[in-house]
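# Coordinate inspection notes
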Amino acid sequence: MSIPPGSIIGILGGGQLGRMMALAAAQLGYRCHIFDPHERPCAAEVASLFTRASFDDEVALRGFADTCDVATYEFENLPVRPLEALGSKLRPGTRSLAIAQDRAHEKEFIEKYARVAPWRAVSNLDEVERAVAALGTPLVLKTRRYGYDGKGQAWIHSANDVRLAWEAIGAEPAVAEAGISFDAEFSVILARSADGGIALWDSPNNIHEGGILRLSTLPAGAGIEAQAEAAEAMAMAIADALQHVGVLTVEFFATEQGPLVNEIAPRVHNSGHWTIEGAETSQFEQHVRAICGLPLGLTKRTGHFVQMRNIIGPEVQNWLEPLSSSLHLHLYGKGEPRPGRKMGHITQVSYRT
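Before going into details, it helps to say that this report is about the structure given with it. Keep in mind that what you see is a predicted model, and the values were worked out from it rather than measured. (Residues numbered from 1 in each chain as written. Predicted model: local features only at pLDDT ≥ 70, side-chain atom pairs only at ≥ 80, totals over all residues. Heavy atoms only, no water.)

Along the chain, the regular secondary structure elements total nine helices and 17 strands. At 20 Å, the chain has a C-alpha radius of gyration in line with the 20 Å of a compact globule built from 353 residues. Counting only C-alpha atoms and orienting by the principal axes, one finds that the chain spans roughly 60 × 55 × 45 Å. Here the chain holds 353 residues, and the buried ones make up 53% of them. In the chain, once contacts between residues fewer than 6 apart in sequence are set aside, the share between residues at least 24 apart is 60%. Each charge sign in the chain was given a centre, from 32 positive and 41 negative side chains, and these centres are 3 Å apart. (Helix = DSSP H or I, 4+ residues; strand = E, 2+ residues; numbered from the N terminus. Rg over C-alpha atoms; globule rule 2.2 N^0.38 Å. Buried < 20%, exposed > 50% of the residue type's maximum accessible area, 1.4 Å probe, protein only. Contact = heavy atoms within 4.5 Å. Lys, Arg positive; Asp, Glu negative; His and termini not counted. Charge placed at Lys NZ, Arg CZ, Asp CG, Glu CD.)

Here it is, written out as structure tokens:
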């Protein structure tokens, strides 16, 4: 059953993804209710309602659920058990969330449907040393939980790096993942409706700097395009197995042996920001359509060439420059432009073939 315009969509998390989701929802006639522990989250600036409370406050979550016709989340670092207060209103459900937020469980799940780099779960220094012996170097340690944009990661290039790397991630339970040779990074972004229908966008070539996405470009290039069909099949299998409703992102490495999954994100994604101007239906509108039971929109590119560039930290001070050319500027309304903080993005769309 479709949730009609005029209904209230609850969004757990008040960051830029929630902000852009709320803007897309408003265009379709929905109101949004933001739930976030911060005093002034940027998503609340463009929403009808805002509840400030901790994500593990079950009393507040039940009150939030009572105001919403459907609810979703903009990031995956949320406590799963308290979200049971939202019941069937939560889309996607907690299964997608629970798997994506623990890297060991995530890799075990993905291996049923796709290839991942050789890895080991580690919980102490001895296990890290054994992982190095088994997998060799280079090897990267990634905390099992609460890692993003390169945080919670440390590289081991020789046996001498083991202790320093373990301490660098806070001596927390982690996965030890073999460093692999790859030609490029790309993502498959799809939306799945409750009836199992799936819509996919073209896969962009993603370039990272310091663990943070810098550029997403389409066309992605021959190397990625040759592996896109196989990657899309893997991503759709993962979405179906999760019974996911909404947007799902699967990050891939393009290797000589074919596509290799890096990780999944059960939500709208930074590498899909280009879809706002660069596709017939943006990832944010598509997510709203999926969770509200509306028909999925078309995903064809609107231009031959599309590029999205993140505005990071102090770069936001040059906000006026993109407005003097044919670029699309998105600023997130965040506060202090700290190094590494995503403050906005710029999209370029070329309509010439």
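Moving on, we get to the pattern of salt bridges. Scanning the model with the defined rule gives 13 salt bridges in all. Measuring nitrogen to oxygen at the nearest pair gives 2.9 Å for the salt bridge that ties Arg289 to Glu285. Linking Arg289 with Glu285, this pair stays in helix 9 (residues 283-291), spanning four residues, or about one helical turn. On the basis of relative accessibility, which here comes to 14%, the residue Glu285 falls in the buried class. Linked through salt bridges whose partners overlap, the residues forming this network are Lys107, Lys142 and Glu177. (Salt bridge = Lys/Arg side-chain N within 4 Å of Asp/Glu carboxyl O.)

Another point: the layout of surface pockets. If you add up the space inside the second largest pocket, you get close to 270 Å³. If you trace the second largest pocket, you find 15 residues lining it, with Met20, Leu23, Ala24, Ile276 and His330 closest to the centre. Secondary structure elements with two or more residues in the lining of the second largest pocket: helix 1 (16-27), helix 9 and strand 16 (328-331). A total of five residues in the lining of the second largest pocket trace back to one element, the largest contributor, which is helix 1. Split into classes, the residues belonging to the lining of the second largest pocket amount to eight nonpolar, four polar and three charged. (1 Å grid on protein atoms, 1.4 Å probe; cavity = no way out; pocket = protein on both sides within 12 Å on 5 of 7 lines; lining within 4 Å. Points joined across faces, edges and corners; volume = space filled by probe spheres on them. Nonpolar A, V, L, I, M, F, W, Y, C, P; charged D, E, K, R; others polar.)

Of all six residues in strand 2 (residues 31-36), five are buried, a share of seventy percent or more. As paired strands, strand 1 (residues 8-12) and strand 2 are joined by five bridges and run parallel to one another. Following the sheet pairing, Leu12 is matched in strand 2 by Phe35. Once the chain exits strand 1 it traverses helix 1 before rejoining the sheet at strand 2, and the crossover so formed is right-handed. One ladder, built from four bridges, connects strand 2 with strand 3 (residues 49-52); its direction is parallel. (Pairing = 2+ DSSP bridges. Right-handed = clockwise from strand over helix to strand, strands pointing away.)

What follows deals with the sheet that holds strand 5 (residues 119-122). Taken in spatial order, the four strands of this open sheet run 5-8-6-7, and their pairing is antiparallel. One side of each edge strand has no neighbouring strand; the edge strands of this open sheet are strand 5 and strand 7 (153-156). Averaged over all pairs of adjacent strands, the angle between their axes in this sheet comes to 20 degrees, without regard to strand direction. Bridge count for strand 5 against strand 8 (residues 174-178) is four bridges, and the pairing is antiparallel. The residue bridging Val122 from the neighbouring strand is Ala174, located in strand 8. Against the sheet, helix 5 (residues 125-135) contacts strand 5, strand 6 (139-143), strand 7 and strand 8, and its axis sits at roughly 170 degrees relative to strand 5. (Axes fitted to C-alpha atoms, helices over the stretch in contact; angles between N-to-C directions.)

Attention shifts here to the sheet that holds strand 4 (residues 70-73). Judged by pairing direction, the sheet is parallel, and its four strands sit side by side in the order 3-2-1-4 without closing on themselves. The open sheet has two edge strands with one neighbour each: strand 3 and strand 4. Between one strand axis and the next, the sheet turns through 20 degrees on average, direction left out of account. Running at roughly 170 degrees to strand 1, helix 1 makes contact with strand 1, strand 2 and strand 4 of the sheet.

There is a patch of nonpolar side chains on the surface, built from Trp319, Leu320, Leu323 and Leu331 and spanning about 390 Å² of accessible area. Mapped onto the secondary structure, Leu320 falls in the loop between strand 15 (305-312) and strand 16. (Patch = residues over 30% accessible without salt bridge, like charges linked within 9 Å, V, L, I, M, F, W, Y side chains within 5 Å. Areas by Shrake-Rupley, 256 points an atom, 1.4 Å probe, with all protein chains shown as cover.)

Scanning the entire structure with this criterion turns up one cavity of 30 Å³ or more. Estimated volume of the largest cavity: approximately 30 Å³. Contributions of two or more residues to the lining of the largest cavity are made by strand 9 (184-192), strand 11 (205-209) and strand 13 (246-255). Per-element accounting of the lining of the largest cavity gives the leading share, three residues, to strand 9. Partitioning the lining of the largest cavity into residue classes produces two nonpolar, four polar and two charged.

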